[in-house]
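Spelled out from the first residue to the last, the chains are:
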Amino acid sequence: MQVTDAPHGYPMLARFISSHEDGYIFREFRYLQSRTLLHMQDELRALEVQLHRMDQFDAKHRATFLKTREVDDDRLGARGRLMEEIAEKLKKYGMAA
């Protein structure tokens, strides 16, 4: 199809841009991508600290919690919820990176 066959506006502009390899001129939003990744890293770092503190507390006061997930699930479920939050954020981070 010819560029001029497309309706005026975005359809014609898109046809024009896609018809030339050198004309593919979309912004990459690198600054926003970098800011987003840094924000996600900071969130993950905070969760990592939270998990480490939980592990340290459990090692000192309830070591059984570190040996089986069932005990944590039956009593508090805090570690499981934290791990689910970490997994979800890691998944989003992986898709954004």
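Every value quoted in this text rests on a predicted model; they were computed, and no experiment measured them. What you see as residue numbers is a count from 1 along each chain, following the sequence as written. It should be noted that, the model being predicted, local features are given only for residues of pLDDT at least 70 and side-chain atom pairs only at 80 or more, the latter also being counted only at that level, while totals for whole chains, interfaces and linings use all residues. Excluded from the side-chain calculations are hydrogens and water; all other atoms, namely the structure's heavy atoms, are used.

Colleague: Which residues make up the overall build of the chain, and what are the values?
Modeller: Counting its secondary structure elements, the chain contains 4 helices and 0 strands. Secondary structure elements are taken from DSSP: a helix is a run of H or I of four residues or more, a strand is a run of E of two residues or more, and numbering for both begins at the N terminus. When the helices and strands of the chain are placed in sequence order, the string is α-α-α-α. A radius of gyration in this sense is built from C-alpha atoms; the matching globule rule multiplies 2.2 Å by the number of residues raised to 0.38. Against the 2.2 N^0.38 benchmark of 13 Å for 97 residues, the chain shows a C-alpha radius of gyration of 24 Å, more extended than a compact globule. Projected onto the principal axes, the alpha-carbon positions of the chain cover approximately 75 × 25 × 20 Å. Looking at the chain as a whole, 20% of its 97 residues qualify as buried. Between two residues, a contact is recorded if the distance between any of their heavy atoms is within 4.5 Å. Long-range pairs, those at least 24 residues apart, make up 47% of the contacts in the chain between residues at least 6 apart in sequence. In this description, accessible areas are obtained by the Shrake-Rupley approach with a 1.4 Å probe, and a residue is regarded as covered only by the protein chains that are shown. Just so you have it, the chain exposes about 8,300 Å², and 55% of that area is on carbon and sulfur atoms. One finds the centroid of the 16 positive side-chain charges in the chain at a distance of 6 Å from the centroid of its 16 negative side-chain charges. Between buried and exposed lies partly exposed: a residue is buried under 20% and exposed over 50% of the maximum accessible area for its type, with that area taken using a 1.4 Å probe on protein chains only. Residues scored as charged are limited to Lys and Arg (positive) and Asp and Glu (negative), so that His and the chain ends carry no count. Every charge is mapped onto a representative atom, which is NZ of Lys, CZ of Arg, CG of Asp or CD of Glu.

Colleague: If you had to explain the side chain of Arg79 to someone new, which residues and values would you point to?
Modeller: With respect to the helices and strands, the residue Arg79 is situated in helix H4 (residues 78–96). Its relative accessible area of 12% is what places Arg79 among the buried residues. Nitrogen and oxygen atoms within 3.5 Å of one another constitute a polar contact, given that in protein one can donate a hydrogen and the other can accept it, and given that sequence-neighbouring residues count only through two side-chain atoms. Side-chain polar atoms of Arg79 contact the side chain of Asp58, separated by 2.7 Å. In contact with Arg79, not counting residues within four places along its chain, are Leu51, Met54, Asp55, Asp58, Phe65, Leu66 and Asp72.

Colleague: Could you give an account of the nonpolar core, naming the residues involved and the relevant values?
Modeller: As used here, the term nonpolar core means buried Ala, Val, Leu, Ile, Met, Phe, Trp, Tyr and Cys residues forming a set that is joined through side-chain atoms within 4.5 Å. One finds Leu47, Leu51, Met54, Leu82 and Ile86 forming the largest nonpolar core, which totals 5 residues. At the level of elements, helix H2 (30–61) and H4 are the ones that each hand at least two residues to this core. The element contributing the most residues to this core is H2, with 3 residues. Not counting residues up to four positions away in its chain, the partners in contact with Leu51 are Arg79, Leu82, Met83 and Ile86.

Colleague: Describe in detail the pattern of salt bridges, supporting the description with residues and values.
Modeller: Basic side-chain nitrogens of Lys or Arg form a salt bridge, by our definition, when they fall within 4 Å of a carboxyl oxygen of Asp or Glu. As enumerated under the stated definition, the model contains 6 salt bridges in all. Two residues, Arg30 and Glu28, come together in a salt bridge whose shortest N-O distance is 2.6 Å. Considered together, Arg30 and Glu28 belong to a single accessibility category, that of exposed residues. A salt bridge links Asp58 to Arg62, with the shortest nitrogen-to-oxygen separation between them at 2.5 Å.

Colleague: Let's hear about unusual backbone geometry: which residues, and what values?
Modeller: Unusually for a residue other than glycine, Phe29 sits at a positive phi of about 55°. Relative to the elements of secondary structure, Phe29 occurs in the loop between helix H1 (10–18) and H2. Look at Phe29 and you get partly exposed, because its relative accessible area is 42%.

Colleague: Describe the side chain of Asp58, naming the residues involved and giving the relevant values.
Modeller: Among the secondary structure elements, Asp58 is positioned in helix H2. Of the residues examined, Asp58 reaches a relative accessible area of 0% and is grouped as buried. Excluding residues that lie within four positions of it along the chain, Asp58 makes contacts with Ala63, Phe65, Leu66 and Arg79.

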